[in-house]
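Spelled out from the first residue to the last, the chains are:
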Amino acid sequence: MQEETMDRLIDAATEASRNSYSPYSSFPVGAAVLTESGRIYSGTNIENASYGASVCAERVAIFKAVSEGDMNITALAVYTNAANLAFPCGLCLQVMSEFCGDIPVILASDTLVRIYQFSELLPHRFGDTE
Ligand code: THU
């Protein structure tokens, strides 16, 4: 993946995190996905007083892309301003597995960037057969 594209994805994720609605965890997260069409969709975490109704940044970004009919995701970035990088949660990995191949997953903070392949984070998913 080109460095310029990666920077754009991280910037979009960072920008989205500014809209985080996270009064319960105080843990803002931003995510952005790149699709085959070249478009970028971003999302942030949106929490709820009924905690289970909260949704992660990654799923918001993915669902925005899919609901625009743009469902072939080719890269995903997650941004937090925390000291440590945040890995996507198990629910988000399962949702990603529906719309992503073995894509690069970029984890970013203000000081660190690490790139994983999706298959490192979720080698097997529900829905696969042995
Ligand atoms: N969260 C995300 O948005 N993405 C992740 O990868 C991990 C966790 C959110 C959910 C919740 O709003 C807050 O971070 C604390 O768990």
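Refer to the structure printed above.
What comes next is a walk through the structure.

Parameters and conventions
Residues numbered from 1 in each chain as written. Predicted model: local features only at pLDDT ≥ 70, side-chain atom pairs only at ≥ 80, totals over all residues. Heavy atoms only, no water. Helix = DSSP H or I, 4+ residues; strand = E, 2+ residues; numbered from the N terminus. Buried < 20%, exposed > 50% of the residue type's maximum accessible area, 1.4 Å probe, protein only. Polar contact = N/O pair within 3.5 Å; in protein donor to acceptor, adjacent residues only side chain to side chain. Contact = heavy atoms within 4.5 Å. Near = heavy atom within 4 Å. Areas by Shrake-Rupley, 256 points an atom, 1.4 Å probe, with all protein chains shown as cover. Nonpolar A, V, L, I, M, F, W, Y, C, P; charged D, E, K, R; others polar. Pairing = 2+ DSSP bridges. Axes fitted to C-alpha atoms, helices over the stretch in contact; angles between N-to-C directions. Core = buried A, V, L, I, M, F, W, Y, C linked by side-chain atoms within 4.5 Å.

Notes on the side chain of Thr35
Mapped onto the secondary structure, Thr35 falls in strand E1 (residues 29-35). Exposure remark for Thr35: the relative accessible area of 2% places this residue in the buried category. Separated by 2.9 Å, the side chains of Thr35 and Ser37 make a polar contact. Those residues in contact with Thr35 that sit more than four places away from it in its chain are Tyr41, Ala65, Asp70, Asn72, Ile73 and Thr74.

A word on the site of the ligand
By nearness alone, every residue bordering the ligand is listed as Ser25, Phe27, Val29, Asn45, Glu47, Cys56, Ala57, Glu58, Phe87, Pro88 and Cys89. A distance of 2.9 Å is found between an oxygen atom of the ligand and a backbone nitrogen or oxygen belonging to Ala57. For the ligand, an oxygen atom lies 3.3 Å from a polar atom in the backbone of Phe87. Taking 370 Å² as the accessible area of the ligand by itself, protein coverage stands at 77%. Of the residues in the shell around the ligand, the class split is seven nonpolar, two polar and two charged.

Focus: unusual backbone geometry
The phi dihedral of Ser26 is positive, around 50°, even though this residue is not glycine. Looking at where Ser26 falls in the secondary structure, it is placed in the loop between helix H1 (3-17) and E1. The exposed category is assigned to Ser26, whose relative accessible area is 58%.

Digging into the sheet that holds E1
Here five strands make up an open sheet; going across it, the order is E2-E1-E3-E4-E5 and the pairing mixed. On the outer flanks of this sheet lie strand E2 (40-44) and strand E5 (113-117), each paired with one strand and no other. Neighbour to neighbour, the strand axes of the sheet diverge by 20° on average, direction disregarded. Here E1 runs beside E2; their pairing, made up of five bridges, is antiparallel. Note on E2: the bridge partner recorded for Leu34 is Ile40. Of the strands in this sheet, E1, E2, strand E3 (73-80), strand E4 (104-108) and E5 touch H1, which is tilted by about 140° from E1.

Let's talk about the nonpolar core
In summary, soluble globular proteins display a tendency toward joint burial of nonpolar side chains. If you look at the biggest cluster of nonpolar residues, it comprises 24 residues, and the most contacted ones within it are Val33, Ile62, Leu76, Met96 and Val105. Of all the secondary structure elements, the ones that give two or more residues to this core are E1, helix H2 (57-67), E3, helix H3 (90-99), E4 and helix H4 (118-121). Excluding residues within four positions of it along the chain, Val105 makes contact with Leu76, Pro88, Met96, Arg114, Ile115, Tyr116, Phe118 and Leu121. Counting residues in each nonpolar core, the second largest holds twelve residues, with Leu9, Ile10, Ala32 and Leu34 among its members.

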